[in-house]
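Commentary on secondary and tertiary structure
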Amino acid sequence: MPVGLIETYDEDSAFLLFETLNDWGLELSNVDSMKNTILEAANAGDGDYESVRENWENTVSELRYDVDWYEKFFQHYLMLSPILDINDSISERTVLDYFERVVRNIHEYEISGTEAFTEDIYKKTRIYRTIVNASISRYTDSANNKINDILSRLRKFGSTQKRILMLYTFTRIDNESSIIRALLIVESYDVRKGLASDETGNTVTQFYSTTCSTLAQSDHQVDFLQSELVIRAPSDDDFETAMMRKTFARSDRTRYILTRYEQTLISGDQGSEEQIEHIAPRSAFTANKYTNWTTYLDVGKDEFEELKHMIGNLTLMESSLNIAAGNDPFSDKKEKYKQSNFEMVQSISQHTDWSKEKIQERTEKMAQEAPDIWNFDHWISYTNVKWFTSE
C-alpha cells in the first residue's frame, strides 16, 4: 500500500493539516481527534507540550492493548467530570464534543491546565485497566482477592455501563470494606436489571452518571448508593418471575449465573474447567438417537423448545464429565454426575428420572433463591440456602 510523507515546519501547520484532512472525510478515530485537541491547546501555551504528549501516549498505550472497548474509557471518564455536570449519557457520537468542551474550560476544572488534566486521565486510565482486568492490588491481599473475584464476576455477566460507577468507587472511596460492599451492591443491581428489566443501555448509562454526581454530595456514599439502586432495581417478586420465565443461552453470562448458585453451596471455586450441561439434551427432538428422551419427557417439540434452556435444565459440570455424559439417557448420565465435584450436579444425580415436571420444579426453586443470592444486604450468610434435591 502506498504511503505518503507530509512534513510541516511547525506544530500550528500540523494541527491545521490534521483538521483539513478530517474535513475531507478521511477516517479518524475519536481518540485521534481528542489527541489533536489537547495537543493544540498545549501548543498554544496551556501546559508543557512534551509532557502533555507523553501523558496522552501513555494513556492510549495503557488502554489500547489491555482493555476491551477502550474508547469507552473516555466516555466514562468524562461522565464523572465536574465541569460538565452531565445528566445524560455520552455516546461514541458525542464524546468528542464533550471532550472539546472540557478542554475549552480547562481552568474551571479541579485540576487546572492541560498537563495536569492529562496526568489525571493517565492516572484514571491505570485504575480503569485494573478494574476491567480484575487486577486490583492496592489493598490487603485478602481484600484484593475479594475485590478481584467480584470484578471477574461482573465482567462475565457483561455490559460496560457499570464501569462508570466502578471507576467512581475506586477513585472516590478509600476504605476497602466500603469498596467491597459497593461492588456487591452494583453486582446485585446489574444482575437484577440485566435479567428482569428492559431498560436500554443509554438509560442505564444516564442513571449511573447522575448517581455518581449525587454520590459525591453524600456523607455516607455506600448507604446512599444502596438506597438508590434498591429503589430502581426490579423487586424480589419481579426478579423471581423473570428467572422463572427466562431462557439461558450457552454463554459467559449463563456460566456466571450458575457459578453464583454453586457458590451458595460451597466456599470458593471448584478449580476445574467447567462447561454448561443441558440435563435434557438440546437436540432431544431433532435426532433419532434421543428417542428415549422424548418418551419420558412427555412433552411436544414446541414445549421442549421453551423447557430446554430454562435455568432448571442447566448445570455446571467438569468438561471431561460433560463430554463423557454426552446425550446419554438420564439413567446413564446420572452415573457420570455422581463423579462430579459440583454440588449442584450431585443434587441432580439423586433423581431417578428427569422430566418436564423436574425441570419446572428445579427452575421454580432456583428462581425462589435468586433474590437471596443477589440481594442488597451483603452481610448475610448464604449457608441456609435450600436446594431442590429430593423427589
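Residue positions are counted from 1 within each chain, in the order its sequence is given. Per-residue local features are limited, in this predicted model, to residues with pLDDT of at least 70; the limit for side-chain atom pairs, both in listing and counting, is 80 or more; totals at the level of whole chains, interfaces and linings are taken over all residues. For side-chain calculations, the full set of non-hydrogen atoms in the structure is used, while hydrogens and water are omitted.

On to the environment of Trp69. Helix and strand labels come from DSSP, where a helix needs a run of H or I of at least four residues and a strand needs a run of E of at least two; each type is numbered from the N terminus. The residue Trp69 is located in the loop between helix 3 (49–64) and helix 4 (72–79) in this model. Its relative accessible area of 61% is what places Trp69 among the exposed residues. Between the C-alpha atoms of Trp69 and Thr160, which are 91 residues apart in sequence, the distance is 8.7 Å. Residue exposure (1.4 Å probe, protein chains only): buried if accessible area is under 20% of the type maximum, exposed if over 50%, otherwise partly exposed.

Time to look at the packing of helix 4 against helix 5 (residues 95–104). Every angle, taken between N-to-C directions, lies between 0 and 180 degrees, and every axis is a line fitted to C-alpha atoms, over only the stretch in contact when it is a helix. At a closest axis distance of 10 Å, the pairing of helix 4 and helix 5 adopts a crossing angle of 50°. Comparing their axes, helix 5 and helix 4 come out oblique. For the crossing formed where helix 4 meets helix 5, the hand is left-handed. Seen from helix 4, the contacting residues are Phe74, Gln75 and Leu78; seen from helix 5, they are Val95, Tyr98, Phe99 and Val102. In terms of residue class, the contact of helix 4 with helix 5 is built from 6 nonpolar, 1 polar and no charged. Put simply, angles under 35 degrees are roughly parallel, angles over 145 are roughly antiparallel, angles from 65 to 115 are roughly perpendicular, and the rest are oblique. Each crossing is labelled by how the near helix is turned from the far one, with a counterclockwise turn of less than a right angle marking it left-handed and a clockwise turn marking it right-handed. Contacts are assigned to residue pairs with any non-hydrogen atoms lying within 4.5 Å of each other. The residue classification treats Ala, Val, Leu, Ile, Met, Phe, Trp, Tyr, Cys and Pro as nonpolar and Asp, Glu, Lys and Arg as charged. All others, Gly included, are polar.

Burial of nonpolar side chains together is a common tendency in soluble globular proteins. If you look at the biggest cluster of nonpolar residues, it comprises 64 residues, and the most contacted ones within it are Trp56, Phe74, Phe99, Phe117, Ile147, Leu151 and Phe170. When residues of this core are assigned to their parent elements, the largest contribution, 8 residues, is made by helix 9 (residues 176–196). When near neighbours in sequence (up to four residues on either side) are disregarded, Phe99 contacts Met34, Thr37, Ile38, Trp56, Leu78, Phe117 and Ile121. Core analysis: the second largest hydrophobic core is formed by 39 residues, Ala284, Trp293, Phe342 and Met366 among them. The definition of a nonpolar core used throughout is a set of buried Ala, Val, Leu, Ile, Met, Phe, Trp, Tyr and Cys residues joined through side-chain atoms within 4.5 Å.

So, on to the side chain of Thr315. As for its position among the elements, Thr315 is in strand 2 (residues 314–318). Judged by its relative accessible area of 0%, Thr315 falls in the buried class. Discounting residues that sit within four places of it in the chain, Thr315 has contacts with Leu258, Gln275, Ile276, Glu277, Ile279, Met344, Val345, Ile348 and Arg362.

Here we come to the pairing of strand 1 (residues 274–278). Across the 5 residues that make up strand 1, a large majority, 4, are buried. Examined bridge by bridge, strand 1 and strand 2 share 5 bridges and lie antiparallel to one another. Looking across to strand 2, one finds that Ile276 is bridged to Leu316. Paired strands are those between which DSSP finds at least two bridges.

For the rest of this paragraph, the subject is the confidence of the model for the protein chain. Of the residues in the protein chain, 83% have a pLDDT of 70 or more, and the chain-wide mean is 84. The predictor reports its confidence for every residue as pLDDT, a score running from 0 up to 100. Confidence, expressed as mean pLDDT per element, reaches its minimum in the protein chain at helix 1 (residues 11–23) with 50 and its maximum at helix 12 (residues 236–245) with 96. Here residues 19–26 scores under 50 on pLDDT; set against residues more than four positions off or in separate chains, the count is 4 contacts. Here residues 379–391 is a poorly scored stretch, pLDDT under 50, and it has 33 contacts once near neighbours within four places are set aside; other chains count.

The next point concerns helix 10 (residues 201–215). For a helix, the expected span equals 1.5 Å multiplied by the number of residues minus one. Relative to the 21 Å expected for 15 residues at 1.5 Å per residue, helix 10 spans 21 Å between its end C-alpha atoms, a close match to the ideal helical length. On its buried side, helix 10 packs onto helix 4, helix 8 (163–172), helix 9 and helix 11 (221–232).

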